[in-house]
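# Coordinate analysis (summary)
One letter stands for each residue in the lines below.
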Amino acid sequence: MASSNNVVLFLVFLVSLLHFNSEARILSESDQTEQPLLFQYHNGPLLTGKISVNLIWYGKFKPSQRAIVSDFIASVTSSKPTVAQPSVSTWWKATEKFYQLSKKQASSLVLSLGTQILDENYSLGKSLSNQQLIQLASKGAQKNAINVVLTSADVAVQGFCSSRCGTHGSALGSSSTNGQVKGKSSKFAYIWVGNSETQCPGQCAWPFHQPIYGPQNPPLVAPNNDVGLDGMVINLASLLAGTVTNPFGNGYYQGPKEAPLEAASACSGIYGKGSYPGYAGDLPVDATTGASYNAHGVNGRKYLLPALFDPSTSTCSPLA
């Protein structure tokens, strides 16, 4: 009799478990159906025309480190047939789809490497606020430009590591003659990226360093043999794509305006096909150095670049 009761109890438990799983699955599917996160165009301007990318180096960087980043910017718009494929310029070309879908954008975008400004004496100290980042960005040209502030490994920045590896935004610039402001102020775009090598490489230089949480797979070898700078290139690439497609907060993005997912950040952690959390994806490996990469650049460079969101297919499209 006890055995019969046990069988009945087991069957009741099994039916309840199946019912619970069914309800959970229905709830999950319902949530996904009712609250889709759409990647949308919010009718604002994208960056167009000829734009110079100016680099403001804050703190100590070796010339070889500066070359890693400047070669990346030069690679973005390089059309040299000598650059092997897939190339950085091929990766960047994917941003054109955003312009094609926003039909109001008449002119195309042409980026070029602009001036480089060195601030090796830490003119604002070694702990920077958001306002000081804008102050540094203002050292570059404020018309037809993206001003990129790059901070060295010994510089602390507000929110760095705790909530971000870099950021982009816009600030008011003005034209002046003999100290007199002339005309209306206009906005200019800026980017900040920090070198995380000694502060938080597990957060801001993954997959070249083991992550601070999640699966602890072995880190990849950095293609330019510099974990901090190769990590900076990944973050700069992501922010550069976000800057041109959402320069003033009303371009292309997904989610809330205060914390938008943009052209690259919507595809965080995806570098090659078959990627999943903790695994960057199937990537080419340099036979000599063992470094992982997915893009060729000028001067024989190799880089690892994030997947970009494809607005025409609503999917993340890695280069490799």
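Above this text is the structure in question.
Note that the coordinates shown come from a computational prediction; the quantities given were computed from them, not determined experimentally.

With that settled, consider the packing of aromatic side chains. The relation between two aromatic rings is expressed through the spacing of the ring centres and the mutual angle of the planes. Inspection of every chain in the model, using the stated rule, returns 13 aromatic pairs. Aromatic pair F39 and Y252: ring centres 6.5 Å apart, planes at 20°, arrangement stacked. Note that F39 is positioned in strand β1 (residues 39-41) and Y252 in strand β11 (residues 252-254), a separation of 213 residues in sequence. For F39, a relative accessible area of 16% corresponds to the buried category. The buried category is assigned to Y252, whose relative accessible area is 4%. When the ring of W206 is compared with that of Y271, the centres are 6.1 Å apart and the planes differ by 50°; the resulting orientation is tilted. Of this pair, W206 sits in the loop between α6 (201-204) and α7 (227-245) while Y271 sits in the loop between β11 and β12 (295-296), and the two are 65 residues apart along the sequence.

Right, let's talk about helix α5 (residues 130-137) for a bit. All buried positions along α5 are accounted for by L133, I134, L136 and A137. Along the axis of α5, the buried positions cluster into a sector of 160°, meaning they face one direction only.

The end-to-end C-alpha distance of α7, which contains 19 residues, comes to 28 Å, matching closely the 27 Å that a straight helix rising 1.5 Å per residue would cover. Most of α7 sits inside the fold, with 18 of its 19 residues counted as buried. Two to three positions downstream of the cap, the backbone nitrogen of G228 sits 3.2 Å from a side-chain oxygen, assigning the N-cap of α7 to D226.

Our focus in this paragraph is the packing of helix α2 (residues 63-76) against α7. Helix packing for two helices is described by the angle between their axes and how far apart those axes are. Axis separation between α2 and α7 bottoms out at 10 Å; the angle between their running directions is 30°. On the basis of the axis angle, α2 is roughly parallel to α7. Seen from above, α2 lies across α7 with right-handed handedness. Between α2 and α7, the contacting residues are Q65, I68, V69, F72, I73 and V76 on the first element and L229, V233, L236, A237 and L240 on the second.

This part is about the nonpolar core. Within soluble globular proteins, side chains that are nonpolar generally end up buried alongside one another. With 45 residues, the main nonpolar core has F72, W92, L111, I146 and L305 as its most contacted residues. With nine residues, α7 is the single largest residue contributor to this core. Sequence-distant contacts of L305, that is, excluding residues within four places in its chain, are made with F72, V88, W91, V233, A237, Y271, N294 and A295.

When the charged atoms of two side chains with opposite charge come close together, those side chains can pair. In this structure the tally under the stated criterion is six salt bridges. Residues D71 and R301 are paired through a salt bridge, measuring 2.9 Å at the closest nitrogen-oxygen approach. Placement of the pair is D71 in helix α2 and R301 in the loop between β12 and β13 (302-303), with a sequence separation of 230 residues. Given the relative accessible area of 19%, R301 is considered buried. Of the charged contacts, one joins K97 and D310 as a salt bridge, the two residues approaching to 2.7 Å between their closest N and O atoms. Of this pair, K97 sits in helix α4 (residues 96-101) while D310 sits in strand β14 (residues 308-310), placing them 213 residues apart in sequence. According to the relative accessible area criterion, D310 is buried, its value standing at 8%.

Looking now at the side chain of T151. Looking at the secondary structure, you find T151 in strand β5 (residues 145-151). Not counting residues up to four positions away in its chain, the partners in contact with T151 are Y58, F61, L128, V157, W192, V193, G194, N195 and M232.

Position of A222 relative to the elements: it lies in the loop between α6 and α7. Residue class for A222 comes out buried when judged on its relative accessible area of 8%. Separated by 70 residues in the primary sequence, A222 and S292 place their C-alpha atoms 6.6 Å from one another. Setting aside chain neighbours within four positions, we find A222 in contact with F208, V227, D230 and A291.

In this chain, Q85 is followed by P86 through a cis amide linkage whose omega measures -5°. As for its position among the elements, P86 is in the loop between α2 and α3 (88-93). Each neighbour pair has its own omega, and for W206 with P207 the value is 15°, a cis peptide bond. Here P207 shows up in the loop between α6 and α7. The phi angle at Y122 is positive, at roughly 55°, despite the residue not being glycine. The backbone of C161 sits at a positive phi, close to 75°, despite the residue not being glycine.

On to the sheet that holds strand β2 (residues 49-58). Judged by pairing direction, the sheet is mixed, and its five strands sit side by side in the order β3-β2-β5-β10-β7 without closing on themselves. Sheet topology places β3 (109-119) and β7 (166-173) at the edges, where each strand pairs with a single neighbour. Here the strands of the sheet are splayed against their neighbours by 25° on average, with no regard to which way each runs. With eight bridges joining them, β7 and strand β10 (residues 186-194) adopt antiparallel strand pairing. In the sheet register, G173 faces β10, and the bridge partner there is S186. Sitting on the sheet, α2 touches β2, β3 and β5, and the angle it makes with β2 is about 170°.

Scoring rules and cut-offs
Residues numbered from 1 in each chain as written. Predicted model: local features only at pLDDT ≥ 70, side-chain atom pairs only at ≥ 80, totals over all residues. Heavy atoms only, no water. Phe/Tyr/Trp six-rings, centres within 6.5 Å; stacked < 30°, edge-to-face > 60°. Helix = DSSP H or I, 4+ residues; strand = E, 2+ residues; numbered from the N terminus. Buried < 20%, exposed > 50% of the residue type's maximum accessible area, 1.4 Å probe, protein only. Arc of directions from axis to C-beta. Expected span 1.5 Å × (residues − 1). Polar contact = N/O pair within 3.5 Å; in protein donor to acceptor, adjacent residues only side chain to side chain. Axes fitted to C-alpha atoms, helices over the stretch in contact; angles between N-to-C directions. Parallel < 35°, antiparallel > 145°, perpendicular 65-115°, else oblique. Left-handed = near helix turned anticlockwise from the far one by under 90°. Contact = heavy atoms within 4.5 Å. Core = buried A, V, L, I, M, F, W, Y, C linked by side-chain atoms within 4.5 Å. Salt bridge = Lys/Arg side-chain N within 4 Å of Asp/Glu carboxyl O. Pairing = 2+ DSSP bridges.

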